[in-house]
Amino acid sequence: MHNGSIRANDLLSFFKLPVAETRKAVRAAELMETTIELIRQMVYTQEKIVRNATDLLSTLDLQVLAKVSGCTTQLQVITCSSSCLSDKYRTISGICNNRQHIHWGAANNPYVRWLPPVYEDGFGTPKGWLETKQYNGFPLPLARMVSTAILHTGNRNISLDNTYAHILVEWGQWIDHDMDLTPQSASTSSFIDSIDCSSSCYNRSPCFPIQIPDGDPRARDSEKCMPFFRSAPACGSGESGILTGQLRPREQLNSITSFVDASMVYGSTESLAWKLRNHTNDLGYLAINQQYSDNGLAYLPFMTKKPQNPCALTRDQSPIGNISDIPCFLAGKLMTENEDKFSIVTKYFGSYWILIGVLVRIPQLAAVDEGKERKKNILIIILWRFLGGRIWSSDLEW
């Protein structure tokens, strides 16, 4: 995007960059992890023995570093509200939805693993980081070689499906985007030497480029690698694990709620939820696009324009030719620019406005805060109905 052109990996990177509360969580964890790594490099022994963080710094030192980096704030104890609204309705962030385990399913918390991680060093380095590392006497094959050999399907081998339409795939992604989003690093350059990840083929955190083997059928002759970034770490894991009272491997964040709660529409953080609301009245409406509509039907609002606007480069790959400079749409989750998913979001958005037009006439929904939560609750129930569940009369009790 820096030189007026855009690639598929640019869009993927843009939509996975952490924002708002997630950005604070990611930067805190990365700052602490990188600081410990720099200290380790400065006291590296002549025997090339890699020391653990606890061998380099005292518990007090680690606590001070955690406070300065922001990890202490991310790990602070949460006190759940006992208000009437919080007892009856889910929170936007998912925090305290489970009063026994208040962080379960909440945004910006580490994923829960079904199986233990398999890192190259057993702690935080991904497999394939060291090219000389062997497994069972052999080096790992390049990721592109595996995908080309195993996942390749020729057009001649594709047949029509008489049972399922393509909407099944889009609906599956739609629901998936309501449950998980692993943010990548907040930086697009190497922490150690500031090299741009898109111009380097070396592994320097957070840069973890995908090497392109000779003869790759989809690569250009000049391409040696594809830019790729490590997922962001979570405070309290990896190098900062000692802060939770035990050393544990590096964990990754889920930046949205893992509940099926229509977070791709309403957001998973208070700041985004605020931006998505219409604050010109007290009816609990969502914000709509003030510049464009589809014959009177509402479009999603636009994102605030930023120095890099990938959606302005979609016509002719040049910011000069696109005079309108239309920004990306704003929704509960950023990945709405895909045409099929945008259609689903827009249809859900349209259904929301039809339902709201009915719900605002119900006397029980007159109270501003509770009315807003109940409208959201009804739409979540409808979403569950599309997933194959049932709507019971008790779900709609006032």
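Residues numbered from 1 in each chain as written. Predicted model: local features only at pLDDT ≥ 70, side-chain atom pairs only at ≥ 80, totals over all residues. Heavy atoms only, no water.

**Q** I keep staring at the state of the cysteines and nothing clicks. Help me out?
**A** Any covalent bond linking the sulfur atoms of two cysteines counts as a disulfide. Under the counting rule described, the total for this entry stands at four disulfides. Note that Cys71 is cross-linked by a disulfide to Cys235, the S-S spacing being 2.0 Å. Here the S-S torsion is close to -80 degrees, and the disulfide linking Cys71 with Cys235 is therefore left-handed. Here the residue Cys71 occupies a position in helix H5 (residues 71–74), and Cys235 occupies one in the loop between strand E5 (225–226) and strand E6 (253–254), the gap between them amounting to 164 residues. Cys235 carries the same exposure label as Cys71, and that label is buried. (Disulfide = S-S within 2.5 Å. Helix = DSSP H or I, 4+ residues; strand = E, 2+ residues; numbered from the N terminus. Buried < 20%, exposed > 50% of the residue type's maximum accessible area, 1.4 Å probe, protein only.)

**Q** Sorry, what's going on with the packing of helix H2 (residues 20–42) against helix H4 (residues 59–69) here?
**A** Between two packed helices, what matters for the description is the angle formed by their axes and the separation of those axes. It is the contact of H2 with H4, at a shortest axis distance of 9 Å, that shows an interaxial angle of 140 degrees. Judged by the inter-axis angle, H2 sits oblique to H4. The interaxial crossing formed by H2 with H4 has right-handed handedness. Counted together, Ala28, Leu31, Met32, Thr35 and Ile36 of H2 and Leu62, Leu65, Ala66 and Ser69 of H4 form the full contact between these two elements. (Axes fitted to C-alpha atoms, helices over the stretch in contact; angles between N-to-C directions. Parallel < 35°, antiparallel > 145°, perpendicular 65-115°, else oblique. Left-handed = near helix turned anticlockwise from the far one by under 90°. Contact = heavy atoms within 4.5 Å.)

**Q** Looking at this model, I keep getting lost on the packing of aromatic side chains. Mind explaining?
**A** For any pair of aromatic rings, geometry is given as the distance between the ring centres together with the angle between the planes. Here the structure, examined in full by the defined rule, presents four aromatic pairs. Within the aromatic cluster, the residues linked to one another by ring pairs are Tyr292, Tyr299, Phe302 and Phe329. Its guanidinium or amino end placed over the ring of Tyr135, Lys133 lies 5.9 Å from that ring's centre, counting from NZ or CZ. A cation over a ring is seen here: Arg230 above Trp129, with NZ or CZ 5.9 Å from the ring centre. (Phe/Tyr/Trp six-rings, centres within 6.5 Å; stacked < 30°, edge-to-face > 60°. Lys NZ or Arg CZ within 6 Å of the ring centre and 35° of its normal.)

**Q** Any chance you could explain helix H8 (residues 167–176) here in plain terms?
**A** Of the residues making up H8, those classed as buried are Glu170, Trp174 and Ile175. Looking straight down H8, one finds its buried side chains confined to an arc of 135 degrees; they lie on one side. (Arc of directions from axis to C-beta.)

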